[in-house]
Amino acid sequence: MKQVIIMCVLILPSILLPQEKRDYKWVLGYDAHTGTAGGEGTLIDFNNGVVSINYLVKDMDIDRNIGIGLDMDGNLLFYTNGCYVADKHHQLMMNGSNLNPGDVHEEFCSSGYRGQQGTLTLPDPGSSNIYYLIHNRIQYSVALFGSYSDVLFQTRIDMDKNNGDGEVIEKNVPVIVDTLWPGYLSATKDANETDWWIIAAEYQTNQYYKLKLTANGVEVVGKQAIGDTLTDYVGQGQAVFSPDGSKYFFYDFFIGLLMFDFDRASGQLGNFQKLHVADTLYFGGVAVSPNNRFLYVSNALYLYQFDLQASDIQASQVTIDTFDGFNSPFPANFFLMQLGPDCRIYMSTGNGTDRLHVINYPNLKGKDCGFQQHAVLLPSYNASTIPNFPNYRLGTPYPTCDSSIALVTAAVPLPPPATEVRLWPNPASGGVRLALPVPLPTPGEWALYNGMGQGVRRESLATGLMEHGLSVAGLPPGLYFWEVKSSNQRLGGGKLVVQP
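Conventions adopted
- Starting from 1, residues in each chain are numbered consecutively following that chain's sequence as written.
- Per-residue local features of the predicted model are confined to residues with pLDDT of at least 70, and side-chain atom pairs are confined, for both listing and counting, to 80 or more; whole-chain, interface and lining totals are unaffected and use all residues.
- Just so you know, side-chain values use all the structure's heavy atoms and leave hydrogens and water out.
- Buried, partly exposed and exposed residues are distinguished by accessible area as a fraction of the type maximum, computed with a 1.4 Å probe on protein chains only: under 20%, between the cut-offs, and over 50%, respectively.
- Numbering of helices and strands runs from the N terminus, with a helix taken as a DSSP run of H or I at least four residues long and a strand as a DSSP run of E at least two residues long.
- A strand pair is defined by DSSP finding two or more bridges across the two strands.
- A residue's pLDDT is the confidence the predictor assigns to it, expressed on a 0 to 100 scale.
- Residue contacts are defined here by distance: any two heavy atoms, one from each residue, within 4.5 Å place the two residues in contact.
- Each axis is a line fitted through C-alpha atoms, taken for helices only over the stretch in contact, and angles between the N-to-C directions span 0 to 180 degrees.
- Patches here: salt-bridge-free residues with over 30% relative accessible area, like charges joined within 9 Å, nonpolar side chains (Val, Leu, Ile, Met, Phe, Trp, Tyr) joined within 5 Å.
- To be clear on the numbers: accessible area is Shrake-Rupley with a 1.4 Å probe, and residue cover counts the displayed protein chains and nothing else.
- What counts as a salt bridge is simple: a side-chain nitrogen of Lys or Arg found within 4 Å of a carboxyl oxygen of Asp or Glu.
- Working definition: a disulfide is two cysteine sulfur atoms within 2.5 Å of each other.
- Counting of polar contacts relies on pairs of N or O atoms within 3.5 Å, with two restrictions inside protein: one atom must be capable of donating a hydrogen and the other of accepting it, and residues adjacent in sequence are counted only when both atoms are side-chain atoms.
- In the cavity and pocket records, a cavity denotes points on a 1 Å grid over the protein atoms alone where a 1.4 Å probe fits but cannot get out, a pocket denotes an open set with protein on both sides within 12 Å along at least 5 of 7 lines, and lining residues are residues with an atom within 4 Å of a point.
- Grid points are joined across faces, edges and corners, and a volume is the space filled by probe spheres set on the points.
- Residue polarity follows a fixed list, in which Ala, Val, Leu, Ile, Met, Phe, Trp, Tyr, Cys and Pro are nonpolar, Asp, Glu, Lys and Arg are charged, and the others, Gly among them, are polar.

Draft legend 1. Focus on the pairing of strand β24 (residues 345–349). Among the five residues that make up β24, five are buried, leaving the element largely enclosed by the rest of the structure. Between strand β23 (residues 334–339) and β24, which follow one another and run antiparallel, lie five residues, and Cys343 among them has a positive phi close to 75°. With three bridges joining them, β24 and strand β25 (residues 352–359) adopt antiparallel strand pairing. When the sheet's bridge partners are listed, Tyr346 is paired in β25 with Val358. Between β24 and β25, which pair antiparallel in sequence order, lie two residues.

What follows is the structure in structure tokens.
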């Protein structure tokens, strides 16, 4: 009798689903020298395990309004400065001219459209070849004290057209006609991990439009009144979702730092809080660490960190650094931020310079985050530009970012990561805090021994833990010894004095 052997092969989701590398190439730069043939630019490439920064010959001048389209493999498809769309060859895409038509287009498009975060680039959830541009048209008004947006447009690009170079098949189609905040567009994935939520703030109210991009197109789900009223005055700030989409932040000099919880299933904002930031100039930016714990806020002269896991988030504020006055050729102060696919947070300068600032280890608390001013040298000048990418990998088998990607083109040496396991306060009574420089790779244990080497306290530590509270209450005063182990390897240890 013959036996039939049936073999079952388990195919993991990570094999079925390709990596989402839609943020692996950044196009920056404006034409500071009009005599330069073909214009000036910078291409930052995070592919191949290294951050590669190279000179790019392009015609497009880019200011703070930038949208970049890449395929899932990290190949550049197109980019826009809010005025027109360039293809992967850095030429005008077919039917790609005259975005955001109007007075601002006519006046400023020689150097790039005005306003930061005025364009979002999102892939169509229902098609592999269709991409959406969601973009604000800007208006200036003396009566309304400056700039505002009178319409939110959608523009669609079909990458199967024109022999794979793409064509704009639908342009400047109104989605919302209202008085809107000029820019600060941000997106995160729906709880179904396929569709996209987009938030656009209304001007001079506390209303936020919620839009949803599905396989059926862009739909205005509604708007919600919550939090403080946005002022008449518009500074230069930024809005961002946390990488996991659970929180939404809106920061402007004239308004302050607004923080909300976000429900990715319903699109509802909740738990409004306002954080105080000591402003010095009228521009700044905001970003969140890959582990969703630390919020970074810049305001031209200072960089701050807030701990989103603290019981009192406002009280957790730490000044990471102060602008050191560096010029190249203009002051390289602090402005907009973007989390890179290499787990670093990059920051543009508030003027046209050839530098970016970088937070090397944003998952670490306080100055251990490894912030470096003007550390990334660019081959061309950049007019405060930073990309406006959402977390494309949310809901995939892949992590938010890949910390193994090496930054080897920094202008100054990369600081080593914090390697010390710390326990504080010391001396202590009641309780102590344990901090690790990197997430615990496997389950571990903290142990405390008395002077005779006898174990008096033990506590299990979960995988991924970086900071934890421990109790020493009830122990007799004296000298103790502690250590942390993971996979039977000692990660750190030291002495601890317990007081009454």
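Draft legend 2. Region of the structure containing the confidence of the model for the protein chain. Averaged over every residue, the pLDDT of the protein chain is 89; the share at 70 or more is 92%. Below pLDDT 50 for its whole length, residues 4–15 participates in four contacts with residues either more than four positions away or in separate chains.

Draft legend 3. Expanded view of the sheet that holds β23. Pairing within the open sheet is antiparallel, and its four strands lie in the order β23-β24-β25-β26. One side of each edge strand has no neighbouring strand; the edge strands of this open sheet are β23 and β26 (371–383). Between one strand axis and the next, the sheet turns through 30° on average, direction left out of account.

Draft legend 4. Inspection of a nonpolar patch on the surface at higher detail. Taken together, the side chains of Leu479, Phe481 and Val497 make up a nonpolar region of the molecular surface, amounting to roughly 220 Å² of accessible area. For Leu479, the location among the structural elements is in strand β33 (residues 478–486).

Draft legend 5. Inspection of the state of the cysteines at higher detail. Scanning all chains against the criterion turns up two disulfides. Residue Cys83 pairs covalently with Cys109 via a disulfide, S to S 2.0 Å. Taking the torsion about the sulfur-sulfur bond, which here is approximately -90°, the covalent link between Cys83 and Cys109 counts as left-handed. Of this pair, Cys83 sits in the loop between β5 (76–80) and β6 (85–87) while Cys109 sits in the loop between α2 (103–108) and β7 (119–123), and the two are 26 residues apart along the sequence. Cys83 gets classed as buried once you look at its relative accessible area, which sits at 2%. Of the residues examined, Cys109 reaches a relative accessible area of 17% and is grouped as buried. The residue that forms a disulfide with Cys343 is Cys401, at a sulfur-sulfur distance of 2.1 Å.

Draft legend 6. Broad picture of the side chain of Glu202. You can see Glu202 is positioned in the loop between β12 (196–201) and β13 (207–214). A relative accessible area of 6% places Glu202 in the buried class. A polar side-chain atom of Glu202 sits 2.9 Å from a polar atom in the side chain of Thr205. One polar contact links Glu202 to Lys223, side chain to side chain, over a distance of 2.9 Å. Setting aside chain neighbours within four positions, we find Glu202 in contact with Asp178, Thr179, Leu180, Trp181, Gln207, Tyr209, Lys223 and Leu230.

Draft legend 7. Structural context of the environment of Tyr302. Mapped onto the elements of the fold, Tyr302 is located in strand β21 (residues 302–307). According to the relative accessible area criterion, Tyr302 is partly exposed, its value standing at 27%. A C-alpha to C-alpha distance of 4.6 Å links Tyr302 and Thr322, two positions 20 residues apart in sequence.

Draft legend 8. Broad picture of empty space enclosed by the protein. Taken as a whole and assessed by the stated rule, the structure comprises four cavities of 30 Å³ or more. The volume enclosed by the largest cavity comes to roughly 330 Å³. Counting residues per element, the ones that place at least two in the lining of the largest cavity are β11 (186–189), β15 (238–241), β19 (286–288) and β23. Tallying contributions element by element places β15 first for the lining of the largest cavity, with four residues. Here the lining of the largest cavity is composed, by residue class, of 15 nonpolar, 10 polar and two charged.

Draft legend 9. Local environment of the sheet that holds strand β22 (residues 318–322). Ordered by their spatial adjacency, four strands build an open sheet running β19-β20-β21-β22, and the pairing between neighbours is antiparallel. Two strands lie at the open edges of the sheet, namely β19 and β22, each paired on one side alone. In this sheet, adjacent strand axes meet at a mean angle of 20° when their direction is disregarded. Summarising the sheet, strand β20 (residues 294–298) and β21 pair through five bridges and their orientation is antiparallel. In the strand pairing of β21, Phe294 is matched with Asp307.

Draft legend 10. Quick look at the environment of His276. Here His276 shows up in the loop between β18 (269–275) and β19. His276 sits in the exposed class, given a relative accessible area of 53%. Taking C-alpha positions, His276 is 10.0 Å from Ala315, a pair spaced 39 residues apart along the chain. Among all residues touching His276, those that are not within four sequence positions of it are Phe306, Gln314 and Gln317.

Draft legend 11. Structural detail: unusual backbone geometry. Looking along the chain, the bond that leaves Ser328 and enters Pro329 is cis, with omega of -10°. In this structure, Pro329 sits in the loop between β22 and β23. Put simply, Asn426 and Pro427 share a cis peptide bond, and its omega is 10°. With respect to the element layout, Pro427 can be found in the loop between β28 (422–424) and β29 (431–435). The backbone of Asn292 sits at a positive phi, close to 70°, despite the residue not being glycine. Checked against the element boundaries, Asn292 lands in the loop between β19 and β20. The class of Asn292 is partly exposed, set by a relative accessible area of 22%. Positive phi, close to 80°, is recorded for Ala300, a residue that is not glycine. Turning to its location among the elements, Ala300 is positioned in the loop between β20 and β21. Relative accessible area serves as the criterion here: at 0%, Ala300 is assigned to the buried category.

Draft legend 12. Molecular detail of the pattern of salt bridges. Tallied over the entire structure, the rule returns 22 salt bridges. Where Asp63 meets Arg64, a salt bridge forms, and the shortest distance between an N and an O atom there is 2.9 Å. When salt bridges with common partners are traced through the structure, they connect Asp63, Arg64 and Arg114 into a single cluster.

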